[in-house]
Amino acid sequence: QVQLVESGGGLVQPGESLRLSCAASGSILSGYFMGWYRQAPGKQRELVAGIGSSGRTNYADSVKGRFSISRDNAKSTVYLQMNSLKPEDTAVYYCNGLSITGYSSWGQGTQVTVSS
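Residues numbered from 1 in each chain as written. Predicted model: local features only at pLDDT ≥ 70, side-chain atom pairs only at ≥ 80, totals over all residues. Heavy atoms only, no water.

K.L.:
Summarise the pattern of salt bridges; cite the residues concerned and give the values.
P.N.:
The full count for this structure, using the stated rule, is four salt bridges. The salt bridge partner of Arg38 is Glu46, with a shortest N-O separation of 2.7 Å. Since its relative accessible area comes to 6%, Arg38 is described here as buried. Judged by relative accessible area, which is 34%, Glu46 ranks as partly exposed. We note a salt bridge from Arg66 to Asp89, for which the minimum N-O separation is 2.8 Å. With Arg66 in the loop between strand E6 (57-59) and strand E7 (67-72) and Asp89 in the loop between strand E8 (77-82) and strand E9 (91-98), the pair connects residues that are 23 residues apart, well separated along the chain. For Arg66, a relative accessible area of 10% gives the class buried. Residue classification places Asp89 among the buried residues on the basis of a relative accessible area of 0%. Among the charged side chains, a salt-bridge network with shared partners connects Arg38, Glu46, Arg66 and Asp89. (Salt bridge = Lys/Arg side-chain N within 4 Å of Asp/Glu carboxyl O. Buried < 20%, exposed > 50% of the residue type's maximum accessible area, 1.4 Å probe, protein only. Helix = DSSP H or I, 4+ residues; strand = E, 2+ residues; numbered from the N terminus.)

Here it is in structure tokens:
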């Protein structure tokens, strides 16, 4: 079982950047599929970006070319680099880890607000 803690959220202006971090403890992260999700008020939680144990990545169409997910297994940390942020990126961002046995872990979330 892995415990996840997100950090790096905050208030930024449109066009600025943020980097979110997801630190894992309690288990080896290397075998997990890791994903960043977000949930805006009144909307369903959606997958923003994912990265497999091989490093293969996938992105929601709305963030392609602006966001980049990466992982450092030695540090048990996953990152989400967010560039050219837009007001519609405002949401609570959650980190998720999915083990090969299907066990899913969630972090507590970090707020990202994009506003002028």
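Having seen the structure, we can now continue with the description.
K.L.:
Can you explain the sheet that holds strand E3 (residues 18-25)? Please cite residues and give values.
P.N.:
Overall, antiparallel pairing links the four strands, which are arranged E1-E3-E8-E7 in an open sheet. Because the sheet does not close on itself, it has two edges, and the strands there are strand E1 (3-7) and E7. With direction set aside, neighbouring strand axes in the sheet form an average angle of 15°. Note: E7 against E8, six bridges, orientation antiparallel. Note on E8: the bridge partner recorded for Asp72 is Thr77. (Pairing = 2+ DSSP bridges. Axes fitted to C-alpha atoms, helices over the stretch in contact; angles between N-to-C directions.)

K.L.:
Got a sec to walk through the state of the cysteines? Specific residues and values, please.
P.N.:
Under the criterion given, the structure shown has one disulfide. For Cys22, the disulfide goes to Cys95, at an S-S distance of 2.1 Å. Note on the Cys22 and Cys95 pair: the S-S dihedral is about -80°, so by sign convention the disulfide is left-handed. Taken together, the positions of Cys22 in strand E3 and Cys95 in strand E9 put the pair 73 residues apart, joining distant regions of the chain. Each member of the pair, Cys22 together with Cys95, is buried. (Disulfide = S-S within 2.5 Å.)

K.L.:
So what's going on with the nonpolar core? Which residues, and what values?
P.N.:
Membership of the largest hydrophobic core comes to 27 residues, with the highest contact counts inside it found for Met34, Trp36, Phe67, Val78, Leu80, Met82 and Tyr93. When residues in this core are grouped by element, the largest group, four residues, is from E3. Setting aside anything within four residues of it in sequence, one finds Met82 in contact with Glu16, Ser17, Leu18, Leu20, Arg66, Phe67, Tyr93 and Val112. (Core = buried A, V, L, I, M, F, W, Y, C linked by side-chain atoms within 4.5 Å. Contact = heavy atoms within 4.5 Å.)

K.L.:
How would you summarise the pairing of E3 if you had to cite specific residues and measurements?
P.N.:
As paired elements, E1 and E3 share five bridges and run antiparallel to each other. The residue bridging Val5 from the neighbouring strand is Ala23, located in E3. Relative to E8, E3 is paired through six bridges, and the arrangement is antiparallel. By the bridge assignment, Cys22 is partnered in E8 with Val78.

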